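Structural overview
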Amino acid sequence: MKRTKLAVFASGSGSNYEAIVEACRDGRIEADVVLLVCDKPGAKVLERAKRFGTESFAFNPKDYESREAYETVLVSMLEERGIDYICLAGYMRIVGKVLLERFEQRIVNIHPSLLPSFKGAHAIQDAVDYGVKIFGVTTHFVDETLDGGRIIDQAAIVYEGSDIEELTNLIHNIEHKLYVKTINKLINKKY
Ligand code: GAR
């Protein structure tokens with residue numbers, strides 16, 4: 001059977017990218033990460049991709065006249081490589097209709113909150129500021145809205161401390177496990 005091909009889209013540090021690659025390599029995911037797409041030239045995830053030998057494509061959206069224009073370029077790269085699923089892993093950008101139409105039900109995202117609460121780029125801090133005690137992580141199909149789309153998996157933790165760094169690390173560890181579970185559901189079409 002043909003092995004599933006994944007593309008990971010990321011904008012930042014890339015710890016989720018690394019967790020996915022490691023799971024593919026040690027057999028917890030029956031797939032390969034074939035391409036890393038990054039919209040922030042210079043982001044740390046690009047160094048990780050180099051270290052793990054994943055082909056990467058970094059672009060600056062400002063170099064294109066519209067979202068449609070750069071997504072059209074991305075679609076041809078993804079199609080040339082036979083990508084089956086796109087995993088957003090800290091990709092801090094709305095996905096537009098060019099990608100969504102071509103990869104319908106094949107783009108997923110991970111977000112560090114129990115959606116639909118605390119969407120956006122500062123979910124953990126926003127939840128802390130709100131006084132939340134039950135934190136969590138969500139994976140979901142992607143639609144054209146910020147952190148929107150049908151939920152696939154969630155995991156929760158109770159945290160009553162006040163150390164945001166400790167909390168962030170706990171949440172990242174949960175993310176790395178949850179994304180593996182979700183990608184396996186995608187591959188086996190059990191969602
Ligand atoms: C992760 O916590 C991910 O859930 C979050 O960005 C972080 C990226 O970390 N995504 C969002 O907030 C999406 N709205 P990483 O670069 O170390 O994987």
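These lines cover the structure that appears in this document, whether it is placed above or below. Each chain has its residues counted from 1, following the order in which its sequence is written. Only residues with pLDDT of at least 70 get local features here, since the model is predicted, and only at 80 or more are side-chain atom pairs given and counted; chain-wide, interface and lining totals rely on the full set of residues. Hydrogens and waters are ignored; side-chain quantities use all the structure's heavy atoms.

This paragraph deals with the packing of helix 1 (residues 15–25) against helix 2 (residues 44–52). Running from N to C, helix 1 and helix 2 point in directions that differ by 20°, and their axes come no closer than 9 Å. What the angle tells us is that helix 1 and helix 2 run roughly parallel. Once helix 1 is placed against helix 2, the crossing between them reads as right-handed. Taking contact as the criterion, the partners of S15, Y17, E18, V21, E22 and R25 in helix 1 are, on helix 2, V45, R48, A49, R51 and F52. In this classification, the charged set is Asp, Glu, Lys and Arg, the nonpolar set is Ala, Val, Leu, Ile, Met, Phe, Trp, Tyr, Cys and Pro, and all remaining amino acids, among them Gly, are polar. Classifying every residue of the contact of helix 1 with helix 2 gives five nonpolar, one polar and five charged. All axes are obtained by fitting lines to C-alpha atoms, using only the stretch in contact for helices, and the reported angles, taken between N-to-C directions, cover 0 to 180 degrees. Numbering of helices and strands starts at the N terminus; helices are DSSP runs of H or I of at least 4 residues and strands are runs of E of at least 2. Convention used here: angles under 35 degrees read as roughly parallel, angles over 145 as roughly antiparallel, angles from 65 to 115 as roughly perpendicular, and any remaining angle as oblique. Crossings are classed by handedness, with left-handed meaning an anticlockwise turn of the near helix from the far one by less than a right angle and right-handed meaning a clockwise turn. Only heavy atoms matter for contacts: two residues are in contact if any of them lie within 4.5 Å across the pair.

Here is the rule: rings of Phe, Tyr and Trp (six-membered ring for Trp) pair when centre to centre is within 6.5 Å. Planes less than 30 degrees apart are stacked, more than 60 are edge-to-face, and the remainder are tilted. This structure, assessed with the given rule, holds nine aromatic pairs. Ring geometry for Y64 and Y70: centres 6.0 Å apart, planes at 70°, overall edge-to-face. Aromatic side chains F118 and Y130 sit 5.7 Å apart centroid to centroid with 70° between the ring planes, which places their arrangement in the edge-to-face category. In this pair, F118 sits in the loop between strand 5 (107–111) and helix 5 (123–130) while Y130 sits in helix 5, placing the two residues twelve residues apart along the sequence. F118 sits in the partly exposed class, given a relative accessible area of 22%. An aromatic cluster of three or more residues is present, and its members are F57, F59, Y64 and Y70. Summary of the burial criterion: residues with accessible area below 20% of their type's maximum are buried, those above 50% are exposed, and those between are partly exposed, where the area comes from a 1.4 Å probe applied to protein chains only.

The next point concerns the pattern of salt bridges. By definition here, a salt bridge exists when the distance from a side-chain nitrogen of Lys or Arg to a carboxyl oxygen of Asp or Glu is within 4 Å. A full pass over the atoms with the stated rule returns twelve salt bridges. Linking R102 and E79 is a salt bridge whose minimum nitrogen-to-oxygen distance equals 1.9 Å. Separated by 23 residues along the polypeptide, R102 in helix 4 (residues 97–102) and E79 in helix 3 (residues 67–80) bring together distant segments of the chain. Notably, a salt bridge pairs K181 with D153, separated by 3.7 Å at the nearest N-O pair.

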